[in-house]
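Understanding the architecture of this molecule
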Amino acid sequence: MFLLYEYDIFWAFLIISSLIPILVFFISGFLAPSSKGPEKLSSYESGIEPIGDAWLQFRIRYYMFALVFVVFDVETVFLYPWAMSFDVLGVSVFVEALIFVLILIVGLVYAWRKGALEWS
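Residues numbered from 1 in each chain as written. Predicted model: local features only at pLDDT ≥ 70, side-chain atom pairs only at ≥ 80, totals over all residues. Heavy atoms only, no water.

Quick look at the side chain of Glu75 now. Note that Glu75 resides in helix H3 (residues 60-84). The contacts of Glu75, once residues within four sequence positions are left out, are Phe100, Val101 and Leu104. (Helix = DSSP H or I, 4+ residues; strand = E, 2+ residues; numbered from the N terminus. Contact = heavy atoms within 4.5 Å.)

Here you go:
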């Protein structure tokens, strides 16, 4: 038998949790009204008539700062459980966490040297 009997509940949950969003997406496509007029195709700005072009270019610096923030925020999420159980895990896990932090520091230094963190 290809599937082990211990994992039947897991596979059933995985299939059901994958099918529900797909079914909801298709059902909403069938039930939603489809009237595409000029009001539906115009951009919405808090109920005010839009002024100018809706497509504005943002500076890439905003995205770079957001990306660096997300990387170090995720680092904190990974390091917090490690710090809470540091005394139980041992030296090998300390070395792995040290390598993880060193890789992030190398990435930060690279972004810093490339000028990605300069605002002006």
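Moving on to the UniProt feature "transmembrane region" in the protein chain. UniProt records the feature "transmembrane region" at residues 9-29, 64-84 and 88-108, using the numbering of this structure. Secondary structure within residues 64-84 divides into 100% helix and 0% strand; the distance between the first and last C-alpha atoms comes to 31 Å. (UniProt positions renumbered as here; feature names shortened; annotations may be inferred.)

As a further point, take the packing of aromatic side chains. For the structure on display, the rule yields six aromatic pairs. On the basis of an interplanar angle of 65 degrees and a centroid distance of 5.1 Å, the ring pair of Phe10 and Trp11 is categorised as edge-to-face. The class for Trp11 is partly exposed, based on a relative accessible area of 34%. Plain terms: the ring middles of Trp82 and Phe86 are 5.4 Å apart, the flat faces sit at 70 degrees to each other, and that makes the pair edge-to-face. By relative accessible area, which is 39% here, Phe86 ends up partly exposed. Through a chain of ring-to-ring contacts, the aromatic side chains of Trp82, Phe86 and Phe94 assemble into a single cluster. (Phe/Tyr/Trp six-rings, centres within 6.5 Å; stacked < 30°, edge-to-face > 60°. Buried < 20%, exposed > 50% of the residue type's maximum accessible area, 1.4 Å probe, protein only.)

What follows concerns helix H5 (residues 91-114). Between its terminal C-alpha atoms H5 stretches 35 Å, which fits the 34 Å expected from 24 residues at 1.5 Å a residue. Restricting attention to buried positions, one finds in H5 the residues Ala97, Leu104 and Ala111. Among the structural elements, H3 are those in contact with the buried residues of H5. Downstream of H5 by one or two residues, Gly115 has phi in the positive range, about 85 degrees. (Expected span 1.5 Å × (residues − 1).)

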